[in-house]
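Architecture at a glance
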Amino acid sequence: MKRIYGTIFKELRLNKGYSIKEISDTEVSKATISKFEHGAAMISIDKFFRLLSNINVSPGEFTLYVEERLDIPYSFSSATNNFSAFQDKQKNLVKVEKTIKRLEDQIQKFPERKFLRIQIINLKAIISQAIPDYKDKIDARDRQVIKQHLLVTKNWNDFELRIYCSTIHLFDLPTIELLTHKLLNPFNYRLITPDIKWMMSVALVNLTDALLIRGAEDLTESTPYFKQIIRYLEDHPIPNKHIAEKAFVKFNIGSHYYLINQTERGLEDMREVIQGLSLLGCDEWANALILEFDKLTKTSYLEL
């Protein structure tokens, strides 16, 4: 395994047109780089990051190259990133289940490694969003593991946000309230990076989706949470560059307004989102929301 890092690094270096001499310095010698590229030696993480910086490749980009070479989601974030494609006719079901099997094999060898169990549960939750029957493979104990991890983790990062996004639909409203308090609390994050901001936007989409499902069962229970989200967005609007997430949250809030008999306001919000996506050429998204609109209003959007 260790040889592949040096091999990929060498390919990236050559692709950028750099010689070993050009990227070596007083911290990392030419001999060290050569040994690393040929799998004869590993280097410390600080030297590795320095070398990546010297060839203008980010750690995240390097990880993606490793994943591609291994033909498996090498990192947890990569497996969860496949969800957008997974929703499209479940293209990545085999790949995600392959990852689950790999993690289950590891946990058989190392049962004390809780993080493996968290990853397995999370990936099953991702599948359950597209295949509802998959929820049966996530029991109460699994839900408690996820809940406990999210509540006791002092500072969330990308990992916790991804867990929140993929599992929030599994929980009851009291748990959603606890977890959402952490989601919206700026002191819950040691560093709010652009990726964190984007994942928070995605989390709001998934949260409002989950609340709409709960609202179909009992509007009196879900309404206070929507009010909290609306107040939060007044002070912390979703950035315009996260246009998809901004649109979906607005559509979900419009759906909520419609359900609580603020009919005209709800219809206006939902129509604005569909029209906006259509104007941008996002026909797949617009058509998906038209189906949701028709289902909710029991009318035909195209006939209005």
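Reference entry: report on the structure contained in this document. Everything numeric in this text was worked out from a predicted model, so none of it was measured. (Residues numbered from 1 in each chain as written. Predicted model: local features only at pLDDT ≥ 70, side-chain atom pairs only at ≥ 80, totals over all residues. Heavy atoms only, no water.)

Digging into the environment of Ala-125
Heads up, the condition is: Each helix is a run of DSSP H or I of at least 4 residues and each strand a run of E of at least 2, with the numbering of both proceeding from the N terminus. The rule is simple: take the accessible area with a 1.4 Å probe, protein chains only, and divide by the maximum for that residue type; under 20% is buried, over 50% is exposed, in between is partly exposed. We call two residues contacting when some pair of their heavy atoms lies within 4.5 Å.
Examined against the element boundaries, Ala-125 turns out to sit in helix 9 (residues 114–130). Under the relative-accessibility criterion, Ala-125 is labelled buried at 0%. A C-alpha to C-alpha distance of 5.8 Å links Ala-125 and Ser-166, two positions 41 residues apart in sequence. Ala-125 has contacts with Ile-138, Ser-166, Thr-167, His-169 and Leu-170, leaving out every residue within four places of it along the chain.

Remarks on the pattern of salt bridges
Working definition: two side chains of opposite charge can pair if their charged atoms are close together. Filter applied, for reference: Take a side-chain nitrogen of Lys or Arg and a carboxyl oxygen of Asp or Glu: if they are within 4 Å of each other, that pair is a salt bridge.
Summed over the entire model, instances satisfying the criterion amount to 7 salt bridges. Two residues, Glu-104 and Lys-124, come together in a salt bridge whose shortest N-O distance is 3.8 Å. Here the residue Glu-104 occupies a position in helix 8 (residues 93–109), and Lys-124 occupies one in helix 9, the gap between them amounting to 20 residues. The partly exposed category is assigned to Glu-104, whose relative accessible area is 27%. On the accessibility criterion, Lys-124 (16% relative accessible area) is buried. Across the salt bridge formed by Lys-250 and Glu-272, the nearest N and O atoms sit 2.4 Å from each other. Of this pair, Lys-250 sits in helix 15 (residues 243–259) while Glu-272 sits in helix 16 (residues 263–279), placing them 22 residues apart in sequence. With relative accessibility at 32%, the residue Lys-250 sits in the partly exposed group.

Some points on helix 16
The condition is simple: A helix is expected to span 1.5 Å for every residue after the first.
Compared with an ideal rise of 1.5 Å per residue, which puts 17 residues at 24 Å, helix 16 spans 24 Å between its outermost C-alpha atoms and is within 8% of the ideal. Downstream of helix 16 by a residue or two, Gly-281 has a phi angle that is positive, lying close to 80°.

Regarding the packing of aromatic side chains
Stated formally: Pairing of aromatic side chains here covers Phe, Tyr and the six-membered ring of Trp, requires ring centres within 6.5 Å, and sorts the geometry by plane angle: under 30 degrees stacked, over 60 edge-to-face, intermediate tilted.
The tally for this structure, following the rule as stated, stands at 8 aromatic pairs. A ring pair is formed by Phe-36 and Phe-48, whose centres lie 6.0 Å apart and whose planes are at 70°; its orientation type is edge-to-face. Here Phe-48 lies in helix 4 (residues 45–54) and Phe-36 lies in helix 3 (residues 30–37), a separation of 12 residues in the sequence. Across this residue pair, the class does not change: Phe-36 and Phe-48 are buried. Look at Phe-248 and Trp-285: their rings are 5.6 Å apart centre to centre, the planes differ by 70°, and that puts the pair in the edge-to-face class. With a gap of 37 residues between them, Phe-248 in helix 15 and Trp-285 in helix 17 (residues 283–297) connect regions that are remote in the sequence. The class for Trp-285 is partly exposed, based on a relative accessible area of 36%.

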